[in-house]
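Tertiary structure, described
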Amino acid sequence: MTDTIRKQASRLAAATVLAATLGLAAAPSAQADDPGAAPAQLAPTELSEARGAAQSPAVLEQLGRFFARKGVPPNRSLALSPADEARAAAEAEPRLSGDTVPVYLLDPGFVAGTPGAPVARLEFTASKAVAADGQVASVWTAKQGAGWRVVNIATGGDETDYVAQAAAGGGGTAFREPQIDAWYVLRGGRVLPLDEDARTAVGAGVTLADYQRQVKQRYGDKLPGSVYDRQGKGGGYQAAPVAEPDGPSLLTAGTAGAALLATALTGLGLRARRRARG
């Protein structure tokens, strides 16, 4: 497995199993923005509702177990007795820290070159959760019907951290290109890097037009409705567990790259987790 695929495939959240235990819903893909519209914004009341869902007693209880197991899914063996796990979960004392923030992902319409399409679209919100021992997780919530529901719990705090980094650096819209696990900020008509993967892709920054040409070249033939998508490559990957040196993964080496590339573009890849960050 190449380092790039390992970075993308490893650190996959235990969200599939956790969702089953909590009855969490699958996150829907956001609807495409109207051509020419700015990235969708959430009202303060919506962010408040999303945060309320993220800090419900049921979610906090599950976070305790998540931290007790250090992200290892419940269907995997752990050198911890049930009693010790329950004790560790109680001692984790999970709490939310900082603001609940909107999370934007690269928009397929922008990749396709649709006139006026925003560079990124709103997909979900994220709230950082911390444990007493310093562990960090991200709780993702999505609007479903009239309310907000938790759809994923994942290790690390990239979603909130990069939004904070963008705000501290001068504002703008932080967004992720999940296919290469890169974080950017759109500021003043330019796409600027927020992490090393983004710097590899755009250097010190590029114009919005140049970035569009880049992503169209990379993904233009893999969009929803493409031959690639119709052949089932846009959402299909084997769920056979494989061992990863730095964390659990549900992707096999042969399918990891294609799965993360295409599912993110078709709105099916919300569970894919980023690599570990030091």
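Our subject is the structure listed above.
Note that the structure is a prediction, hence the values are computed from the model and not measured.

Rules of the game
Residues numbered from 1 in each chain as written. Predicted model: local features only at pLDDT ≥ 70, side-chain atom pairs only at ≥ 80, totals over all residues. Heavy atoms only, no water. Salt bridge = Lys/Arg side-chain N within 4 Å of Asp/Glu carboxyl O. Helix = DSSP H or I, 4+ residues; strand = E, 2+ residues; numbered from the N terminus. Buried < 20%, exposed > 50% of the residue type's maximum accessible area, 1.4 Å probe, protein only. Phe/Tyr/Trp six-rings, centres within 6.5 Å; stacked < 30°, edge-to-face > 60°. Pairing = 2+ DSSP bridges.

Some details on the pattern of salt bridges
Tallied over the full model, the rule gives eleven salt bridges. Ionic pairing is found between Glu 46 and Lys 143, a salt bridge with its closest N-O pair at 3.7 Å. Of this pair, Glu 46 sits in helix H3 (residues 44-54) while Lys 143 sits in strand S3 (residues 136-144); the two residues are 97 residues apart in sequence, bridging distant segments of the chain. Taking the relative accessible area as the measure of exposure, Lys 143 reaches 34% and is therefore partly exposed.

So, the packing of aromatic side chains
Two numbers describe a pair of aromatic rings. These are the distance of the centres and the angle of the planes. Under the criterion given, the structure shown has seven aromatic pairs. With a centroid separation of 4.3 Å and an interplanar angle of 20°, the aromatic rings of Phe 124 and Trp 140 are classed as stacked. Remark: Trp 140 occurs in strand S3 and Phe 124 occurs in strand S2 (residues 120-130); sequence separation between them is 16 residues. Centroid distance Phe 175 to Tyr 211: 5.9 Å. Interplanar angle 65°. Geometry classified as edge-to-face. Residue Phe 175 is located in strand S5 (residues 173-177), and its partner Tyr 211 is located in helix H9 (residues 208-219); the two are separated by 36 residues in the primary sequence. The two residues Phe 175 and Tyr 211 agree in class, both being buried.

Quick look at the pairing of strand S4 (residues 147-155)
Consecutive side chains along a regular strand alternate between the two faces of the sheet. Among the nine residues in S4, seven count as buried, and that is most of the element. Two strands pair when backbone bridges link them, and S3 and S4 are joined in this way by eight bridges, in the antiparallel orientation. The residue of S4 that forms the bridge with Val 139 is Ile 153. Where S3 hands over to S4, the hairpin turn is made up of two residues, of which Gly 145 adopts a positive phi near 65°.

Observations regarding the pairing of S5
Counted residue by residue, S5 has five buried out of five residues, so it is predominantly covered. Taking every second residue as pointing to the same face, both faces of S5 are buried, with Thr 173, Phe 175 and Glu 177 on one and Ala 174 and Arg 176 on the other. Where S5 lies against strand S6 (residues 182-187), five bridges are found, and the strand directions are antiparallel. Opposite Phe 175, over in S6, you have Tyr 184 as the bridge partner. A loop of four residues connects S5 with S6, the two strands running antiparallel in sequence, and Asp 181 in this loop sits at a positive phi of about 55°.

Examining unusual backbone geometry
Keep in mind that most residues, glycine aside, have a negative phi and that most peptide bonds are trans. Positive phi, close to 50°, is recorded for Lys 70, a residue that is not glycine. On the secondary structure map, Lys 70 appears in the loop between helix H4 (57-68) and helix H5 (82-92). With a phi close to 55°, Asp 181 is a non-glycine residue in the positive phi region. Considering the arrangement of structural elements, one finds Asp 181 in the loop between S5 and S6.

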